Amino acid sequence: MEIKKTSLNKLHQDNKAKFVEFAGYQMPIQYSKGIVEEHKYTRSHSGIFDVSHMGQLFIYGDDSLTEDLEKIFPLNLKNLKINTSKYSFLMNDTAGIYDDLIITKIEGGYLVILNAACKDNDFKIISKLLNDKYKMNLDENRSLIAVQGPKSVEILDTIINGVSELSFMTGNWFVHKEQKLFVTRSGYTGEDGFEVSVPNDLAEEFTKKLIEYGAQLIGLGARDTLRLEAGLCLYGHELGIDKTPIEANLKWAISKDRMANGGFIGSDIIMSQINDGTKKIRVGVKPEGRLIAREKTKIFNQDELVIGEITSGTFGPSVSGPVAMGYVEKEFSKNDTKVFLEVRGKKHPANICGLPFYKKSYVKGATK
């Protein structure tokens, strides 16, 4: 199968990107300065992430669309204001997660941002659940560019006047070069930032403008270290069809009234897990010393019994030490519980800890 390329591929090549294949796309993993420097630049200044491989699903319909989507997603969409976003999940009947996603109510419908590896399957599932009643467009003509970090607001506002007035998890349409861009104040790094949906033919010129004003291209490598420090889940690691939102410690993402009343796919399991608890739960894990515990590293208790597994692990440049997330049996999930990680046949000490490792810096109110 031919590998896909985003509209920014030439720009990545011109900037000497090192590429990897990800979800069928050729994507930049890092540039010449390396992952650690890219990570630090995003935390201190502004990083540009090409996330055009992700799915931008536009669904249009009348009030019955909101009712039908509430049967799918565990959200109170009726009370969601126009241009407001929520984090949610597409689940099966046993509350296993097909995908985690961001859904934004827009004029006339919804915009759903889907993970790259899941988007085609998600489209089929959602189409079937909605009985093909509504206009659905998985738009391949738009790129998605994330601008993340403390300087992002002033850089982006210079190019698209008015984005500084957006609050966290809100968005709006803006006009740039006579074309429509949809901008949300959101991201995946733990920093203030934006995601910009831009027509493909404008993407390279727009990104060059961001670079001109001081933002730098950042690869998927630093995107991973940034999200892990911020305690954010990655589909295929912390999330999957074998895990529920309650096990993933994401109960906060389910609307309270939906928890009480159910009526969405997987609600019976969700409600029973809320009432009765779960056997396993996602936690932060802090190895002692400098040990990096990668995915699938086994977690042991003090009696040398396997109690869980690491789902993501790396060195956190902002916290100057190793960080990891994983699932453990519920009884071992309290902060400061001593555990051991088996790396290369040896067991190394670690501690269960709260998340995030690095304090999130989201902007709740708009910067006027």
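All residue numbers here refer to positions counted from 1 along the written sequence of the relevant chain. pLDDT decides what is reported in this predicted model: residues at 70 or higher carry local features, side-chain atom pairs at 80 or more are listed and counted, and totals for whole chains, interfaces and linings draw on all residues regardless. Only hydrogens and water are removed before side-chain values are computed, so all heavy atoms of the structure are retained for them.

**Considering the nonpolar core**
Part 1: Within the largest apolar cluster, 26 residues are counted, with the highest numbers of intra-cluster contacts made by Ile 145, Leu 156, Ile 160, Val 163, Val 183, Phe 206 and Leu 210.
Part 2: Counting from the N terminus, the helices are DSSP H or I runs at least four residues long and the strands are E runs at least two residues long. Elements with a minimum of two residues in this core: β10 (142-148), α5 (152-159), β12 (179-184), β13 (193-199) and α6 (200-212).
Part 3: What Val 183 contacts, discounting residues up to four positions off in sequence, is Leu 156, Ile 160, Val 163, Leu 166, Thr 170, Gly 171, Asn 172, Phe 174, Phe 194, Glu 195 and Val 196. Nonpolar core, defined: a set of buried Ala, Val, Leu, Ile, Met, Phe, Trp, Tyr and Cys residues in which side-chain atoms within 4.5 Å join the residues together. For each residue, the accessible area found with a 1.4 Å probe, counting protein chains only, is set against the maximum for its type, and the residue is called buried under 20%, exposed over 50%, and partly exposed in between. Two residues qualify as a contact provided that any one of their heavy atoms is within 4.5 Å of a heavy atom in the partner residue.

**Notes on the pattern of salt bridges**
Between side chains of opposite charge, pairing is possible as soon as their charged atoms come close.
Part 1: For this document, the term salt bridge refers to a Lys or Arg side-chain nitrogen within 4 Å of an Asp or Glu carboxyl oxygen. By the definition in use, this model includes 15 salt bridges.
Part 2: Put simply, Arg 43 and Glu 191 hold a salt bridge, and the shortest N to O gap is 3.1 Å. A residue pair is termed long-range when its members are at least 10 positions apart, and Arg 43 in helix α2 (residues 35-44) and Glu 191 in the loop between β12 and β13 qualify at 148 residues. Across the pair, Glu 191 and Arg 43 agree in class, each one buried.
Part 3: Beyond isolated ion pairs, a larger network of salt bridges with shared partners links Arg 43, Glu 191 and Glu 229.

**Focus: the sheet that holds strand β14 (residues 216-217)**
Part 1: Here six strands make up an open sheet; going across it, the order is β11-β12-β13-β10-β4-β14 and the pairing mixed. Taken across any chain shown, the strands that pair with only one partner, and hence form the sheet edges, are β11 (171-176) and β14.
Part 2: DSSP bridges decide pairing: two strands pair if at least two such bridges lie between them. As judged from the two bridges shared by strand β4 (residues 47-50) and β14, these two strands associate in the parallel manner. Bridge assignment links Gly 47 to a residue of β14, and that residue is Gln 216.

**What about the environment of Gln 148?**
Part 1: Within the secondary structure, Gln 148 is located in strand β10.
Part 2: Along the sequence, Gln 148 and Gly 187 sit 39 residues apart, while their C-alpha atoms lie 6.9 Å from each other.
Part 3: At 2.8 Å, the side chain of Gln 148 and the side chain of Thr 189 are in polar contact.
Part 4: Within 3.5 Å is the distance limit for a polar contact, defined as a pair of N or O atoms, with the added protein rule that one can donate a hydrogen and the other accept it, and that residues adjacent in sequence qualify only through two side-chain atoms. Among the polar contacts listed, one links the side chain of Gln 148 to the backbone oxygen of Phe 194, at a separation of 3.5 Å.

**Thoughts on the side chain of Glu 247**
Part 1: Examined against the element boundaries, Glu 247 turns out to sit in the loop between α7 (220-229) and α8 (256-261).
Part 2: When charges are counted, Lys and Arg contribute as positive and Asp and Glu as negative, whereas His and the chain ends are disregarded. Buried and unpaired, Glu 247 has no salt bridge, with Lys 280 as the nearest side chain of opposite charge at 4.2 Å.
Part 3: Ignoring sequence-local partners within four residues, the contact set of Glu 247 consists of Asp 242, Gln 273, Thr 278, Lys 280, Ile 281, Arg 282 and Tyr 327.

**As for the side chain of Ser 255**
Part 1: Counting through the fold element by element, Ser 255 comes out in the loop between α7 and α8.
Part 2: Leaving out residues up to four positions away in the same chain, Ser 255 has contacts with Pro 74, Leu 75 and Asn 76.

**What about the environment of Phe 300?**
Part 1: As for its placement among the helices and strands, Phe 300 is situated in strand β16 (residues 298-300).
Part 2: Measuring from C-alpha to C-alpha, the distance between Phe 300 and His 348 comes to 9.6 Å, with 48 residues separating the pair along the chain.
Part 3: Look past the residues within four positions of Phe 300 in its chain and what remains in contact with it is Leu 305, Val 306, Ile 307, Val 339, Phe 340, Glu 342 and Lys 347.

**A closer look at the packing of aromatic side chains**
Part 1: Note on aromatic pairs: the rings of Phe, Tyr and Trp (six-membered ring only in Trp) are paired at centre separations within 6.5 Å, and the planes decide the class, stacked below 30 degrees, edge-to-face beyond 60, tilted for the rest. Tallied over the full model, the rule gives five aromatic pairs.
Part 2: Seen from their ring centres, Phe 58 and Trp 173 are 6.4 Å apart, and the 20 degrees between their planes marks the pair as stacked. Residue Phe 58 is found in strand β5 (residues 55-60), and its partner Trp 173 is found in strand β11; the two are separated by 115 residues along the sequence.
Part 3: Judged by relative accessible area, which is 28%, Trp 173 ranks as partly exposed.
Part 4: Here a set of aromatic residues connected by ring pairs shows up, and it is made of Phe 58, Tyr 60, Trp 173 and Phe 182.

**Describing helix α4 (residues 119-129)**
Part 1: If you check which residues of α4 are buried, you get Lys 119, Asp 122, Ile 125, Ile 126 and Ser 127.
Part 2: Tucked inside the fold, the buried residues of α4 contact β3 (25-30), β5, β6 (85-91), β7 (97-106), β8 (109-114) and β9 (135-138).
Part 3: Of the residues one or two after α4, Asn 131 is the one with positive phi, at around 55 degrees.

**A few points about the pairing of strand β20 (residues 346-353)**
Part 1: Across four bridges, the pairing between strand β15 (residues 280-287) and β20 is antiparallel. Bridged to Pro 287 within β20 is Ala 350.
Part 2: Where strand β19 (residues 338-343) lies against β20, six bridges are found, and the strand directions are antiparallel. The residue bridging Val 339 from the neighbouring strand is Ala 350, located in β20.
Part 3: The hairpin turn running from β19 into β20, its antiparallel successor, is two residues long, and Arg 344 in that turn takes a positive phi close to 50 degrees.

This is a description of form; function is not addressed.
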